[in-house]
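Overview (structure and organization)
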Amino acid sequence: MIKSTIEQLLTDDFAEIWSLLSGEEKRLIVDNFTIHHFKKNQTVYAERDKPEFLWCLMEGMVKKTKDGIGGRSQIIRLIKPVEYFGYRAYFAREPYVSSATTLEPSTLATIPMSIVEDLIINNNKLAMFFIHELSRNLGSSDTKIVNLTQKHIRGRLAEALIVLFDNYGVEEDDNMTLKIYLGREDLANLSNMTTSNAIRTLTQFVKERLIVVDGRKIKILNESQLRKISKYG
């Protein structure tokens, strides 16, 4: 990809960060900007890997997971375009404590964290941007911990469906079918439950005419009721 194309891409898709940079800083980003294409279910980075890059999802979907007791995987965050990730471990000076994997064919971009760190040291506005991002993600993590530990199974699965609805939206042809197609195991891992419990709860939601399930496709029939179940657990 030629530099002019990369610069146009950064201007359009990375406008929030791009607007904070000087001309010299922009040239540094362009010179160190790399595009990567991943297949479905391909590992972006693994737990205990050394953090070297600021990652940004440009197209597709990525899940961040962490292995728990008995090797059971927990989805701790879903990444959507255009979001930055993979940089917390670098600032903490530690290996990754989670893994990142694509949920569908995805396009990602990287910038070396050594470059990002140098820019932050000399650019207070950019530093505040990353402080804000880290703080927002920490707040979301705190809320998720409480919800996963205190809500009943119905509330956790309803919350997972609402998270998918709010973050990825619905298909334009019916305005009800979620754009993201997760398997039962991924839904279970997102909701902190066993796959069998996720299947049973989905079946119950279908019987209550809250959703319609067709393979991995889920159509939301009663959003307001799902939100109530999610809220009150």
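Right, let's walk through the structure included here. (Residues numbered from 1 in each chain as written. Predicted model: local features only at pLDDT ≥ 70, side-chain atom pairs only at ≥ 80, totals over all residues. Heavy atoms only, no water.)

**Quick word on the overall build of the chain**
Here is the rule: Secondary structure elements follow DSSP: runs of H or I no shorter than four residues count as helices, runs of E no shorter than two count as strands, and numbering proceeds from the N terminus. Radius of gyration: over C-alpha atoms. The globule rule applied is 2.2 Å multiplied by the number of residues raised to the 0.38 power. Residue contacts are defined here by distance: any two heavy atoms, one from each residue, within 4.5 Å place the two residues in contact.
If you tally the helices and strands in the chain, you get ten helices and ten strands. Expected size for 233 residues packed as a compact globule is a radius of gyration near 17 Å; at 19 Å, the chain falls within 12% of this value. Seen through its principal axes, the chain has C-alpha atoms that stretch 60 × 40 × 30 Å. Excluding contacts between residues fewer than 6 apart, the proportion of contacts in the chain whose partners are at least 24 apart in sequence is 69%.

**Description of the nonpolar core**
Which entries qualify depends on this criterion: Residues belong to one nonpolar core when they are buried, are Ala, Val, Leu, Ile, Met, Phe, Trp, Tyr or Cys, and are joined through side-chain atoms within 4.5 Å. Relative accessibility under 20% of the residue-type maximum defines a buried residue, over 50% an exposed one, and the middle range a partly exposed one, all with a 1.4 Å probe and only protein chains included.
Within the largest apolar cluster, 29 residues are counted, with the highest numbers of intra-cluster contacts made by L161, L164, L178, F205, I211, I218 and L226. Secondary structure elements with two or more residues in this core: β5 (73-79), α7 (153-168), α8 (184-191), α9 (195-207), β10 (217-220) and α10 (223-232). The element contributing the most residues to this core is α7, with eight residues. Beyond its immediate chain neighbours, meaning those up to four positions away, L164 contacts L78, G169, L178, I180, L182, L187 and L190. One finds I29, F33, M58 and Y87 within the second-largest nonpolar core, a separate group that totals 23 residues.

**Considerations on the pattern of salt bridges**
Going by this rule: Every case where a carboxyl oxygen of Asp or Glu lies within 4 Å of a side-chain nitrogen of Lys or Arg is listed as a salt bridge.
The final tally for this structure, using the stated rule, is eleven salt bridges. Note that E117 is salt-bridged to R93, the shortest N-O span being 2.6 Å. In this pair, E117 is assigned in helix α5 (residues 113-122) and R93 in the loop between α4 (88-92) and β7 (99-102), connecting sequence segments 24 residues apart. Among the salt bridges present, the one from R227 reaches D166, with a minimum N-O distance of 2.6 Å. Here R227 is found in helix α10, whereas its partner D166 is found in helix α7, with 61 residues between them in sequence. In this structure D166 comes out as partly exposed when scored by relative accessible area, which is 47%.

**Thoughts on the layout of surface pockets**
Going by this rule: Buried and open spaces are told apart on a 1 Å grid over the protein atoms alone, a cavity being a set of points where a 1.4 Å probe fits but cannot get out and a pocket being an open set with protein on both sides within 12 Å along at least five of seven lines. Residues with an atom within 4 Å of a point are the lining residues. Grid points are joined across faces, edges and corners, and a volume is the space filled by probe spheres set on the points. When residues are sorted by character, Ala, Val, Leu, Ile, Met, Phe, Trp, Tyr, Cys and Pro go into the nonpolar class, Asp, Glu, Lys and Arg into the charged class, and all the rest, Gly among them, into the polar class.
Computed from the structure, the largest pocket encloses a volume of approximately 1200 Å³. In terms of lining, the largest pocket is formed by 40 residues, of which the most central are I76, R77, N137, S140 and S141. When residues of the lining of the largest pocket are traced back to their parent elements, those giving at least two are β4 (62-67), β5, β6 (83-85), α4, α6 (124-150) and α7. By residue number, the principal contributor to the lining of the largest pocket is α6, which donates twelve residues. Taken together, the residues of the lining of the largest pocket sort by class into 18 nonpolar, ten polar and twelve charged.

**Some remarks on the packing of aromatic side chains**
Heads up, the condition is: A pair of Phe, Tyr and Trp rings is counted when the ring centres sit within 6.5 Å of each other, with Trp represented by its six-membered ring. The angle between the planes then sorts it: under 30 degrees is stacked, over 60 is edge-to-face, the rest tilted. Note on geometry: a ring has a charge over it if NZ (lysine) or CZ (arginine) is within 6 Å of the ring centre and within 35 degrees of the ring normal.
Applying the stated rule across the entire model yields ten aromatic pairs. Judged by centre distance (6.0 Å) and plane angle (65°), the rings of F38 and W55 are edge-to-face. In this pair, F38 is assigned in strand β1 (residues 34-38) and W55 in strand β3 (residues 53-59), connecting sequence segments 17 residues apart. The pair F38 / W55 is uniform in exposure class, with both members buried. An angle of 90° between the planes, with centres 5.3 Å apart, marks the rings of F129 and F130 as edge-to-face. Owing to a relative accessible area of 8%, F129 belongs among the buried residues under this scheme. According to the relative accessible area criterion, F130 is buried, its value standing at 3%. Members of the aromatic cluster, joined through ring pairs, are Y84, Y87, Y90, F91, F129 and F130. Positioned above the aromatic ring of Y90 is the side chain of R93, whose terminal nitrogen or guanidinium carbon lies 4.9 Å from the ring centre.

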